[in-house]
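Below, each chain spelled out in residue letters.
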Amino acid sequence: MKKTEKKNLHVKNGDRVVIIAGKDKGKIGNIKKVDRADGRVTVEGANMVTKAQKPQPAAGIQGGLIKMEAPLDSSNVMIVCPACEKATRPAMKIVDGKKVRICKKCGEQLDA
């Protein structure tokens, strides 16, 4: 797959997810950012890294060590169903001519 092609991911911005692999396994958080080109997602409060920031007086940015979220691979997260509160792999279904995500455990729609 070329770098410019976009992957079809099972998650969207704002989804509540649980991390299923890595150092933050078991943590639950909301997705802040989805990078479809790389297949990576950024989850609030998870996969925290420390970055050294140089001061930029023109922009008013102070220097120092900054804690920030690093992206995870999308395969390391699962959606938490709002109805049954369980981690699920979504199923796709066409409802009223639109493709929607369905919880495989309880059958509820994941898309609001």
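A. Here's a closer look at the state of the cysteines. Evaluation of the coordinates by the stated rule reveals 0 disulfides. Of all cysteine sulfurs, the one in C106 lies closest to C81, which takes part in no disulfide; the gap is 3.6 Å. Using a relative accessible area of 0% as the deciding quantity, one classes C81 as buried. Overall, C106 belongs to the partly exposed group, its relative accessible area being 35%.

B. View of unusual backbone geometry. A positive phi is found at E85, a non-glycine position, where the angle reads about 55°. Relative to the helices and strands, E85 is located in the loop between strand 7 (77-80) and strand 8 (87-88). Under the relative-accessibility criterion, E85 is labelled partly exposed at 46%.

C. How the structure looks around a nonpolar patch on the surface. Together, V49, I66 and M68 make up an exposed nonpolar region whose accessible area comes to about 190 Å². By the element assignment, M68 lies in strand 5 (residues 64-69). Of the residues examined, M68 reaches a relative accessible area of 32% and is grouped as partly exposed.

D. Quick look at the pattern of salt bridges. Summed over the entire model, instances satisfying the criterion amount to 6 salt bridges. As a salt-bridge pair, R101 and D15 come within 2.8 Å of each other at their nearest N and O atoms. Taken together, the residues R101 in strand 10 (residues 98-103) and D15 in the segment before strand 1 (16-19) connect sequence positions 86 residues apart. For the residue pair R101 and D15, the accessibility class agrees, reading buried in each case. Among the salt bridges present, the one from D111 reaches R101, with a minimum N-O distance of 2.8 Å. Highlighted residues: D111 in the segment after strand 10 and R101 in strand 10, separated in sequence by 10 residues. Pair check on accessibility: D111 and R101 agree, each one buried. Sharing partners across several salt bridges, the network here consists of K12, D15, R101 and D111.

About the criteria used
What you see as residue numbers is a count from 1 along each chain, following the sequence as written. The predicted origin of the model limits local features to residues at a pLDDT of at least 70 and limits the giving and counting of side-chain atom pairs to 80 or more, whereas totals for whole chains, interfaces and linings rest on all residues. For side-chain calculations, the full set of non-hydrogen atoms in the structure is used, while hydrogens and water are omitted. Two cysteine sulfurs form what is called a disulfide whenever their separation falls within 2.5 Å. Here's how the labels work: a residue is buried when its accessible area is under 20% of the maximum for its type, exposed when over 50%, partly exposed in between, all with a 1.4 Å probe on protein chains only. Only DSSP runs of H or I reaching four residues or more are called helices, and only runs of E reaching two or more are called strands; each is numbered from the N terminus. Each patch is built from salt-bridge-free residues with over 30% relative accessible area, joining like charges within 9 Å and nonpolar side chains (Val, Leu, Ile, Met, Phe, Trp, Tyr) within 5 Å. Computed with the Shrake-Rupley method and a 1.4 Å probe, the accessible areas treat only the protein chains shown as cover for residues. The salt bridge definition used is simple: a Lys or Arg side-chain nitrogen within 4 Å of an Asp or Glu carboxyl oxygen.

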